[in-house]
Structures are given as structure tokens and as C-alpha cells.
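# Structural characterization, general
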Amino acid sequence: MGEVVTVRVTPATVLRRMVEIYSPTGAEDELADYVVRVARQLGLAAHRDEAGNAVAVAGDAGPTVMMLGHLDTVPGRLPVCEREGVLYGRGAVDAKGALAAMLWAAAGSLRAGTHRVAVVGAVGEEGDSPGARHLLTGPRPDAVIVGEPSGYDTVVVGYKGILRLRLEVTRPPVHSSRPDAKAIEVAADFWQDARAWLSARHPTGSAFHRAIPTLVGLHGDARRATLRLSCRTPPGFDVEAALGWLRERAAGDRLTVVERMPAVRSSRADPVASALAGAIRDRVRPPATRLKLGTCDMNVVAPAWSVPIAAYGPGDARLDHTEEERIDLAEFTASIGVLADAAGRVARAVAHDRAGGPW
């Protein structure tokens, strides 16, 4: 008989396998099943929910701290390899590193016995977030740590909102020598006016506090044209007023709202942000706090749940969606301890609050 070889399951080997499994939005099943299997190996109760999310739970009593990551990546395969302690591959940063770290942090919490940790690998975060939206139909956790790349020494307390639109223009066919407005010209004029109006809503301050419209696509001809635009919106942006103006400007042309999510922001004093900062300070070095210009599932769950929330995860967010995605495995390992420590701190804060004390 041949020798039986047992492969040791470690955070790094699991993360590498997660990165090797190609999981663009809409094709997360293989990765979700793998996450469930690993979670069970680690002693967690795990399953797939109705939306296809991978859910793993540690503990059965005390406050519930949800660690919300996501399974999907943007499209585009990348070679997976490890060199000098750095793992390369699609999703290493955004955001399989955070999800893998959360699994191990949850497993560590089993020994505490004072709180529950629910790890969710959500589907569709790079799309319209069906996985996170499904969670809103279930029980509300007591606090949420969102798994997004912040850097292992940094806490993210805010994300900008987004408004995505599509304009479809049709005009009677005319010869190019005629002065009549052509469909693609109408669409181009709409973009110029929309950019000026949207930019003027919040024109000053840091990039996080400004409205930043972007032309995503424009194609067509004299008869038909389609324009796609997005606007990264700051806190306080009046979406209804913007849509009212844009629809009036579009007149009889078809304007469709593709996506809308509000900006979200916690404070440094938020219990989750404070817990993460304390864990980073004790385990790594003095923490930093950031506001990010993109959006994530925090934009979906924070307004609905109104619980303490912040984002944290290993990896350099500047590598998101690039061909250079990579994660330092030492930083990934350090983030596991930060997450486990922070979950315990948050749970204690929740329990103290329930007992009538201040946060």
C-alpha cells in the first residue's frame, strides 16, 4: 500500500486554493462550496443560504459579530504563484485575503465561548450585491466587520455612494450634412450638461466629499446612441433631486437608473472601528483610518441595520481589479489576529451596552 499523505490545512494554503478557484461575479459556486468545506474542517457550522452565500458560524451564545466578505471577483484570470512570501492572483486582494482571514479568526473565537461570529462570503458584491441584500431579510447582527482590503494596519470608516445611469437616444435618420441634431450628438451634449450639474452639487473638499461624475461609455450614430455614466456620490448627496434634474434634461429620451447606493460613514469612535484600531495598535503598530472612494457591501447593509460597522482586511486596495493583484502573506497572517481580537472587543462592548453602560 502506498503511503497516505495528509495535507495540512493552513491559512496560506487555503488562501492560495481560494485564489486558484476562478470566481467572477455569477460563477461563485465552486468557491462557495470550498469555503463551506474548509469552515467545517475548522469546526464551524457552515452552509450555503438561499442566495448562494457561504455562511459559517462559530459559537451559539452571546452577541453576534458578522464578518462580511465576498466570494466574487472582477473577470480576468491571472496566474497564481507565490514568490518571496507574496501570493499573486485574481482576488488575492479583493477580497479573498480578507475572507480567508475571517474564517480563521472565527475559528479562534470558538475557544472564547462569549460571542458568536458569523462569517459570510457573499455573492455578487462586484455586481449589484444580491448576497448582501439577501442578508437584510434575516436576523440583524449586533455589529459588522466588512472584509475589504484596507491594509493590515488600517481601518476604513466610510465609502462613497454611487449613481449609475444609462441614456438611450433615438432620432430620425438624416444625412450627415444636415444641421439636425444627431443621436450621438444629443447624448454627448447630455453628458456635458450632466457632468457640470453633478459636479456643482458638492464641488469642494476632499475627493470623498465631492461629487465625481464619470463617462463610462458612449457609442452610437446619427440614429441611435447609448450613454453610460456613473457618479461617485458623497455623504449628503440628494439623489432624488439629481434624478429629477437629469430626467428633465433627458426630456423624451430614455434614462434608466442602473444602480444607486448611498455613501456610508462611521466615526473613529464607532465600536467596531475602535475595536479594530485597538487590536491593530496592540498587535501591529499605530493604526490609520481611511475613507474610500469606491463602494462595497457596507453601502448595502449599514443604512438598513444601523449597527456598529467598519471595514478591514489585508492587502493594498490600489491593486484591486489590476493585473498586479498580490498579497503579502505575513500581513495576511497578522490580519487574522487583528480580526479575532477585534471581534472579542466588539462583543464585550455590545454586552456592556446591553447591561446599561456606555459604549
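Residues numbered from 1 in each chain as written. Predicted model: local features only at pLDDT ≥ 70, side-chain atom pairs only at ≥ 80, totals over all residues. Heavy atoms only, no water.

## Looking at the sheet that holds strand S10 (residues 212-220)
With respect to topology, four strands assemble into an open sheet ordered S10-S11-S9-S12, the strand pairing being antiparallel. The sheet is open, and its two edges are formed by S10 and strand S12 (254-261), each paired on a single side. Sheet twist, expressed as the mean angle between neighbouring strand axes with direction ignored, is 15°. Pairing of strand S9 (residues 161-170) with strand S11 (residues 224-233) involves 10 bridges; the strand directions are antiparallel. Within S11, the position partnered with Val-169 by the bridge is Ala-225. Running at roughly 165° to S12, helix H6 (residues 239-250) makes contact with S9 and S12 of the sheet. (Pairing = 2+ DSSP bridges. Helix = DSSP H or I, 4+ residues; strand = E, 2+ residues; numbered from the N terminus. Axes fitted to C-alpha atoms, helices over the stretch in contact; angles between N-to-C directions. Contact = heavy atoms within 4.5 Å.)

## Here's the deal with the packing of aromatic side chains
What the rule picks out here adds up to one aromatic pair. A centroid spacing of 5.0 Å and a plane angle of 15° characterise the contact between Trp-197 and Trp-245, whose relative ring orientation is stacked. Placement of the pair is Trp-197 in helix H5 (residues 183-201) and Trp-245 in helix H6, with a sequence separation of 48 residues. Looking at Trp-197, the relative accessible area reads 18%, which means it is buried. Its relative accessible area of 24% is what places Trp-245 among the partly exposed residues. Its guanidinium or amino end placed over the ring of Tyr-88, Arg-83 lies 4.3 Å from that ring's centre, counting from NZ or CZ. If you follow Arg-201 out to its NZ or CZ, it ends over the ring of Trp-197, 4.1 Å from the centre. (Phe/Tyr/Trp six-rings, centres within 6.5 Å; stacked < 30°, edge-to-face > 60°. Buried < 20%, exposed > 50% of the residue type's maximum accessible area, 1.4 Å probe, protein only. Lys NZ or Arg CZ within 6 Å of the ring centre and 35° of its normal.)

## Structural notes on unusual backbone geometry
In this chain, Asp-94 is followed by Ala-95 through a cis amide linkage whose omega measures -5°. With respect to the helices, strands and loops of the structure, Ala-95 is situated in helix H3 (residues 92-109). Positioned with a positive phi, Glu-84 is a non-glycine residue whose angle comes to about 50°. Exposure remark for Glu-84: the relative accessible area of 84% places this residue in the exposed category. The backbone of His-321 sits at a positive phi, close to 65°, despite the residue not being glycine.

## Examining the packing of helix H1 (residues 11-20) against helix H2 (residues 29-41)
A pair of packed helices is characterised by two quantities: the angle between their axes and the separation of those axes. Running from amino to carboxyl end, H1 crosses H2 at an angle of 165°, the nearest separation of the two axes being 10 Å. As the angle between them shows, H1 and H2 are arranged roughly antiparallel. Read as a crossing pair, H1 and H2 show a hand that is right-handed. The residues of H2 that touch H1, namely those facing Val-14, Arg-17 and Met-18, are Glu-30, Leu-31, Tyr-34, Val-35 and Val-38. Taken together, the residues of the contact of H1 with H2 sort by class into six nonpolar, no polar and two charged. (Parallel < 35°, antiparallel > 145°, perpendicular 65-115°, else oblique. Left-handed = near helix turned anticlockwise from the far one by under 90°. Nonpolar A, V, L, I, M, F, W, Y, C, P; charged D, E, K, R; others polar.)

## Describing the sheet that holds strand S4 (residues 81-83)
Taking strand neighbours across the sheet as the criterion, the three strands line up as S4-S5-S16 in an open arrangement whose pairing is antiparallel. Each having just a single partner strand, S4 and strand S16 (326-328) make up the two edges of the open sheet. Averaged over all pairs of adjacent strands, the angle between their axes in this sheet comes to 20°, without regard to strand direction. With three bridges connecting them, S4 and strand S5 (residues 86-88) associate as antiparallel partners. For Cys-81, the partnering residue across the bridge sits in S5 and is Tyr-88. In this fold H1 packs onto S4, S5 and S16, with an angle of close to 20° to the strand it touches most, S5.

## A look at the pairing of strand S8 (residues 154-159)
The buried count for S8 comes to six of six residues, which makes it a mostly enclosed element. As paired elements, S8 and strand S14 (residues 288-292) share five bridges and run parallel to each other. Following the sheet pairing, Val-156 is matched in S14 by Arg-290. Relative to strand S13 (residues 264-265), S8 runs antiparallel, the two sharing two bridges. Residue Gly-158 lies in a different strand from S13, and its bridge partner there is Arg-265.

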